[in-house]
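# What the coordinates show
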Amino acid sequence: MITKGIIEPISSVFVNLVNADFTAKQRGVRITEERILLDGSPEAPLDSIQVQIANVESKFASAISDTGEIRVEGRVKDGVPHLTRVGSFEVDVSLEGSIILCRQVDQPGMIGKVGSILGQENVNVSFMSVGRIAPRKQAVMAIGVDDQPSKESLQRIGEIPAVEEIVFLKL
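What comes next concerns the included structure.

Procedures and definitions
Residues numbered from 1 in each chain as written. Predicted model: local features only at pLDDT ≥ 70, side-chain atom pairs only at ≥ 80, totals over all residues. Heavy atoms only, no water. Buried < 20%, exposed > 50% of the residue type's maximum accessible area, 1.4 Å probe, protein only. Helix = DSSP H or I, 4+ residues; strand = E, 2+ residues; numbered from the N terminus. Arc of directions from axis to C-beta. Contact = heavy atoms within 4.5 Å. Axes fitted to C-alpha atoms, helices over the stretch in contact; angles between N-to-C directions. Parallel < 35°, antiparallel > 145°, perpendicular 65-115°, else oblique. Left-handed = near helix turned anticlockwise from the far one by under 90°. Nonpolar A, V, L, I, M, F, W, Y, C, P; charged D, E, K, R; others polar. Core = buried A, V, L, I, M, F, W, Y, C linked by side-chain atoms within 4.5 Å.

Within helix α4 (residues 151-158) the residues assigned to the buried category are Ser-153, Leu-154 and Ile-157. End-on, the buried residues of α4 take up no more than an arc of 100°, which puts them together on one face. Exposed residues on α4 whose side chains face more than 90 degrees from its buried face are Lys-151 and Glu-152. Each element contacted by the buried residues of α4 is listed here: β5 (98-105), α3 (110-120) and β8 (163-170).

Right under this line is the structure:
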């Protein structure tokens, strides 16, 4: 599924679970998989998954580690996939619908400012999660939305002085 999700947007052929690895190899993508058994039992269910992608550009630079790799982690909670880490930021994001990721300086009022801009456009927020490195330092706000905000609204959010980066993801 991960390989399919990575290759599908950049491939001109139909990509499915059967041909995803082959299509990736044809495009020069090297896939390596490492399993780490935490309790020593190969039958133990998968608790989480970490994906690292090297030598690529990201729509959200905050996902890039110090070594230049895109790094994200996730897990399944109650049958729903969740994003639990973006770069060095811990988040709790349900991977359903559409999401706004916003890197910012952690300061009071940010949730209200962003929520007000979305509310003025009648965009309903389904959830919001903030992950930060330390109080009043860098943070990532993940906002689930039921409707796609206009480019103008996203631009207004990006113009908030504390906002350093913003991306809209339609899942």
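This next bit is on the environment of Thr-84. Take Thr-84: it is sitting in strand β3 (residues 80-86). Using a relative accessible area of 15% as the deciding quantity, one classes Thr-84 as buried. Apart from the residues lying within four places of it in its own chain, the contact partners of Thr-84 are Glu-73, Gly-74, Arg-75, Phe-89, Glu-90 and Val-91.

It is the contact of α3 with α4, at a shortest axis distance of 10 Å, that shows an interaxial angle of 165°. The angle between α3 and α4 places the two elements in the roughly antiparallel class. In this structure, α3 meets α4 at a crossing whose hand is right-handed. Contacts from Val-114, Ile-117, Leu-118 and Gln-120 of α3 reach α4 at Ser-153, Arg-156 and Ile-157. For the contact of α3 with α4, the per-class residue count stands at 4 nonpolar, 2 polar and 1 charged.

Before going further, it helps to examine the nonpolar core. General note: in soluble globular proteins, nonpolar side chains tend to be found buried as a group. Core analysis: the biggest nonpolar cluster contains 16 residues, and Ile-100, Val-114, Leu-118, Ile-143, Val-145, Ile-157 and Ile-160 have the highest contact counts within it. Looking at this core, the elements that each hand over two or more residues are β5, α3, β7 (138-145), α4 and β8. Ranked by residue count, the leading element in this core is α3, at 4 residues. Residues in contact with Leu-118, not counting those within four places in the same chain, are Ile-100, Val-123, Val-125, Ile-143, Val-145, Pro-149 and Ile-157.

Time to look at unusual backbone geometry. Positioned with a positive phi, Asp-78 is a non-glycine residue whose angle comes to about 50°. Within the element layout of this structure, Asp-78 appears in the loop between β2 (70-77) and β3. Located in the positive-phi region is Asn-122, a residue other than glycine, with phi close to 65°. When you line up the elements, Asn-122 lands in the loop between α3 and β6 (125-132).

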